Structures are given as C-alpha cells and as structure tokens.
Amino acid sequence: MKFGGTSMAGIERIRSVAARVKREVEAGNQVAVVVSAMAGETDRLVGFCREASPLYDPKEYDVVVAAGEQITSGLLAIALQAAGVPARSWLGWQLPIHSDDAHAKARIGTVETAALDASLAEGVVAVIPGFQGVSDAKDGQGGRVTTLGRGGSDTSAVAVAAAMKADRCDIYTDVDGVYTTDPRIVPRARKLAKVTYEEMLELASVGAKVLQTRSVGLAMKMGVRVQVLSSFTGPDAPMADTLPGTMIVGEDEIQERNDVERQHITGIAHDKNEAKITLTAVPDRPGSVAAIFEPLAAANINVDMIIQNIAHGSASTDVTFTVPAADLARSIEALNQGRAAIGFGDLIHDVRVAKISVVGVGMRSHAGVASTMFTTLGARGINIQAISTSEIKVSVLIHEDETELAVRVLHTAYGLDAEEVA
C-alpha cells in the first residue's frame, strides 16, 4: 500500500490511513506501506536548502529533503500501534534500498527484503519512507542517503513490491482511478477497470498525472500489478481486494481480448507544459539536424515533436520541435550558443501551445484512428501545428486556448463518453 502526500497531510489523515491499513491486516493480508511526505513538506525543505546556499551540496540536500518521508513513516507506525496493529518503520538504509549515487535523482538498484520478510511473517506491518535509498559505500566511507527525484515514492512502492513478490501494489491517491480523460474537462469521462502498462506509460508521458512514468516503467519491467485508487473514501468503502480502482497490468491479463481490440482508444491526455521552437533557414545539408539537437541533448533537454519542412529547390529548410516549457530558456541559450555551427536564420518560440494525445492498444489492429482525430479537429476549426505518433499513440500540437474543446470533441468522437444516468 502506498499513500501520497495529500493522504498523509496531517494527523487526522494519517489516522485514516492507519484505519485503512488495519482493515487489510484484519482481512488476513501481510502489509507493507510506503509513504510520501506530508503535502507541501518537500517543497518547504527544498526551500530551506536554497536559502542556505544556492550552490548546495546534493549529498546534504538529500539528507534534508529525505526527512519528510522519515517523519510520516514514524507517525504512521505510531498511529498503527495506537490502533492495536503491530508496526515499525524501516528507513531506506535499514532494509536497505540500494541506489546509485546520482543524488536528488538516484535510481534504485536492488532492495533487500530478508529482515522485512521476517518482520512481516511475525505479523508486524512495515512502514517504509518512499523517495529515499542509500548509495553503496565508497572510499572506505559508508553509503549516503539518496533521493529518487520528484514522484519517487511511487517508484519506491513498485520496487519494494517487486522485491517482496507482493500480490499487488495499491497506490492510494486523491483520485479513484484512471479515467478516459480529465473528468474536470469532460464530466462524462469513464473510470477504466484495467489499463495496460504500455497505455499507462504513454498516458503518463503525455500529461496524465495519475502515476509517475518511472514507476510504470518499473512495474512493466518487473511484472508488478498496480492498482490506483482513492484514499479519500469513508470507512464503509469497498476493500481494495474488490478492485474498486484501476488495475495497471500486462496485456495478457486483460482476458476479454476482443473487447480490448474493439475499444480503439483507451484515453485522451492533454499537456499545456510544452513550448514550440522554430528555426528558420537551416542549411539543407547532411548533419544540419544533428547540429540542432546535439547541444540540446548535452543540456539534458528532452525534445518531443519534430517537423522538418522539405526543401524543394531551396538550399534551406525550417525545423520545428517542442521542448518542456520549463526548459525553454535553456533551450534558447543552447541553440544560440551553437548558432554558428547550425547556421539557422531566426529562432521563433511559442509557449501558448498544448499537446493532445489519444492512446490505445487497439490502434495496432484498427486503421483510421489518426484520420478520425484530424477530421474531428478540423471540423471544429482547430489547427494542428505538429504531429507525432507511436504504435499506440497519436499526439498533435494545438493552440492552448483550444485544449478543452479538443479534448471534449475527441472524447465523443472515439465513443468514450459514459452513458447518461437516468
């Protein structure tokens, strides 16, 4: 069971989490719990580090920001004990959860579970702080506390579940599952009973904020069944074993194969955190495109959509691509520094764009998915600025003011609207 920051935001909510864990224990389950810091606490600790020194040591930064999860793990153990449930906290270095030494963005290597398994066998609930691990000892010194980057608690939960060979990893959050699209935009969006790992990876990468991308990738690699469900339900809510949320599973587990294929599209995601860059008059010669993207790669900037206009009878071409909006300034700086090598004319950028994506494994066996998207948007006068595709995804770039309209009309066009309740 994994609980996020909003689920742990204060003692009353922690008591509510303890009651939920107690129900699982009383149902005969062995339970390990991974917790996030209280909502807003990590931001507060990061702020302290920046105030202390803008050029802080990443190793000491990790010591500070890992404290948020340490606090909630101890508080939940106390709350469980008060509710009559044997429990103890296990910090990342006590299991241990081994990671590399890329502080503030470490990646999990292995998780040792011998002590944890022995404790669970004795009926003791394990409460584990998410987001943290420990690097291996080097140069005669002990390992250091590491953190996994934002959203790392989901990854911690999946890693622990995989190491324990748990039946399932339930991730409790402030939503009750994965929907066909954002219910705030489309009230008739439907909650999905099951989603494949691949679909969830695509949805997470193109704007769906339910699960962190790294955690989904790890779940797919390790074969961990993940359920997304809400912690904001009453004491009489269905037990997690009745699968009230959305299961993220392998495609082979979705039994009704024909139903999967008949439903072309699983969901529609949107992301306004994109920026478009156009370089004009780029020389039309071998190596020109590489000269554009090499400095961006060196600056660790992820490029998404790419369009190159074909030059007919011209010695130059225009190249358009998108980057995360937060990386726009760094992208412009890197490109301007490489201007002589690239040889472009003007650099034009636009942050008033949004990416709309349709995702579904049914695309593999059905033609016309992209055509439906383009026709539907065109009928509503929505101009497409860029397109990118994968085997189970089609994404388009549009003006941000048309985001909600695009999501609504596409949701209807693909038959995803829920039936009206009488």
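1. Observations concerning the overall build of the chain
For step 1, the next point in the chain: In terms of helices and strands, the chain carries 14 helices and 18 strands.
For step 2, the next point in the chain: For 422 residues, the compact-globule estimate of 2.2 N^0.38 gives 22 Å, and the chain sits close to it at 24 Å.
For step 3, the next point in the chain: Across its three principal directions, the C-alpha atoms of the chain cover 80 × 65 × 35 Å.
For step 4, the next point in the chain: Buried positions account for 48% of the 422 residues belonging to the chain.
For step 5, the next point in the chain: Across the chain, the fraction of contacts at a sequence separation of at least 24, relative to all contacts at a separation of at least 6, is 74%.
For step 6, the next point in the chain: Approximately 19,600 Å² of the chain is accessible, and the part contributed by carbon and sulfur atoms is 52%.
For step 7, the next point in the chain: Here the chain contributes 39 positive and 52 negative side-chain charges, whose respective centroids are spaced 2 Å apart.

2. Description of the pairing of strand S13 (residues 267-283)
For step 1, the next point in the chain: Of all 17 residues making up S13, 14 are buried, and the element is well covered by its neighbours.
For step 2, the next point in the chain: Two strands pair when backbone bridges link them, and S13 and strand S16 (residues 347-359) are joined in this way by ten bridges, in the antiparallel orientation. Across the sheet, the residue bridging to Asp-271 is Lys-355, located in S16.
For step 3, the next point in the chain: Two strands pair when backbone bridges link them, and S13 and strand S15 (residues 316-324) are joined in this way by eight bridges, in the antiparallel orientation.

3. Some thoughts on the environment of Gly-234
For step 1, the next point in the chain: Turning to its location among the elements, Gly-234 is positioned in the loop between strand S11 (226-230) and strand S12 (246-249).
For step 2, the next point in the chain: On the basis of relative accessible area, Gly-234 is assigned to the partly exposed category, the value being 40%.
For step 3, the next point in the chain: A sequence separation of 72 residues divides Gly-234 from Ala-162, and the C-alpha atoms of the two residues are 29 Å apart.

4. A closer look at the sheet that holds S15
For step 1, the next point in the chain: Pairing is antiparallel in the open sheet, where six strands are placed in the order S14-S15-S13-S16-S18-S17. Strands with a single pairing partner mark the edges of an open sheet, and in this sheet they are strand S14 (306-308) and strand S17 (386-390). On average, each strand axis in the sheet is tilted by 25 degrees relative to the strand beside it, whichever way the strands run.
For step 2, the next point in the chain: Sheet analysis places S16 next to strand S18 (residues 393-399), joined by seven bridges and oriented antiparallel. Bridge pairing in S18 places Ile-356 opposite Val-396.
For step 3, the next point in the chain: Across the sheet, helix H10 (residues 288-298) is in contact with S13, S14 and S15; its angle to S15 comes to roughly 25 degrees.
For step 4, the next point in the chain: The sheet strands contacting helix H14 (residues 403-413) are S13, S16 and S18, and the helix crosses S13 at an angle near 120 degrees.

5. Observations concerning the packing of helix H1 (residues 11-26) against helix H4 (residues 67-82)
For step 1, the next point in the chain: Where H1 meets H4, the closest approach of the two axes is 9 Å, and the angle between their N-to-C directions is 60 degrees. One way to sum up the angle between H1 and H4 is to call them oblique. You can see that H1 and H4 cross each other, and the crossing is right-handed. The residues of H4 that touch H1, namely those facing Ile-11, Ile-14, Val-17, Ala-18 and Val-21, are Leu-75, Leu-76, Ala-79 and Leu-80.
For step 2, the next point in the chain: Grouping the amino acids of the contact of H1 with H4 by side-chain chemistry returns nine nonpolar, no polar and no charged.

6. Points about the environment of Glu-41
For step 1, the next point in the chain: Relative to the assigned elements, Glu-41 resides in helix H2 (residues 41-52).
For step 2, the next point in the chain: In this structure the side chain of Glu-41 is engaged in a polar contact, spanning 2.8 Å, whose partner is the side chain of Arg-44.

7. Examining the nonpolar core
For step 1, the next point in the chain: One finds Leu-116 and Val-226 to be the most contacted residues of the largest nonpolar core, which totals 36 residues.
For step 2, the next point in the chain: Mapped onto this core, the elements with two or more residues apiece are strand S2 (32-35), helix H5 (114-121), strand S6 (125-129), helix H6 (152-164), strand S9 (169-173), helix H7 (197-205), helix H8 (213-222) and S11.
For step 3, the next point in the chain: Here the element with the most residues in this core is H6; it accounts for seven residues.
For step 4, the next point in the chain: Sequence-distant contacts of Leu-116, that is, excluding residues within four places in its chain, are made with Trp-90, Leu-95, Ala-126, Ile-128, Val-160 and Met-164.

8. What about the sheet that holds strand S8 (residues 145-147)?
For step 1, the next point in the chain: Pairing in this open sheet of four strands is mixed, and the strands run S5-S4-S7-S8 from one edge to the other. The open sheet has two edge strands with one neighbour each: strand S5 (108-111) and S8. Recorded for the sheet is a direction-independent mean angle of 45 degrees between the axes of neighbouring strands.
For step 2, the next point in the chain: Here strand S7 (residues 132-135) runs beside S8; their pairing, made up of three bridges, is antiparallel. Note that in S8 the partner of Val-134 across the bridge is Val-145.

9. A word on the pattern of salt bridges
For step 1, the next point in the chain: Within the structure shown, the criterion is met by 18 salt bridges.
For step 2, the next point in the chain: Between Lys-272 and Glu-404 there is a salt bridge, with the nearest N and O atoms lying 3.2 Å from each other. Of this pair, Lys-272 sits in strand S13 while Glu-404 sits in helix H14, placing them 132 residues apart in sequence.
For step 3, the next point in the chain: A relative accessible area of 34% places Lys-272 in the partly exposed class.
For step 4, the next point in the chain: Across the pair Glu-400 and Arg-352 runs a salt bridge whose closest N-O atoms are separated by 3.1 Å. On the criterion of sequence distance, the pair formed by Glu-400 in the loop between S18 and H14 and Arg-352 in strand S16 is long-range, its members being 48 residues apart.

Definitions and limits used
Residues numbered from 1 in each chain as written. Predicted model: local features only at pLDDT ≥ 70, side-chain atom pairs only at ≥ 80, totals over all residues. Heavy atoms only, no water. Helix = DSSP H or I, 4+ residues; strand = E, 2+ residues; numbered from the N terminus. Rg over C-alpha atoms; globule rule 2.2 N^0.38 Å. Buried < 20%, exposed > 50% of the residue type's maximum accessible area, 1.4 Å probe, protein only. Contact = heavy atoms within 4.5 Å. Areas by Shrake-Rupley, 256 points an atom, 1.4 Å probe, with all protein chains shown as cover. Lys, Arg positive; Asp, Glu negative; His and termini not counted. Charge placed at Lys NZ, Arg CZ, Asp CG, Glu CD. Pairing = 2+ DSSP bridges. Axes fitted to C-alpha atoms, helices over the stretch in contact; angles between N-to-C directions. Parallel < 35°, antiparallel > 145°, perpendicular 65-115°, else oblique. Left-handed = near helix turned anticlockwise from the far one by under 90°. Nonpolar A, V, L, I, M, F, W, Y, C, P; charged D, E, K, R; others polar. Polar contact = N/O pair within 3.5 Å; in protein donor to acceptor, adjacent residues only side chain to side chain. Core = buried A, V, L, I, M, F, W, Y, C linked by side-chain atoms within 4.5 Å. Salt bridge = Lys/Arg side-chain N within 4 Å of Asp/Glu carboxyl O.

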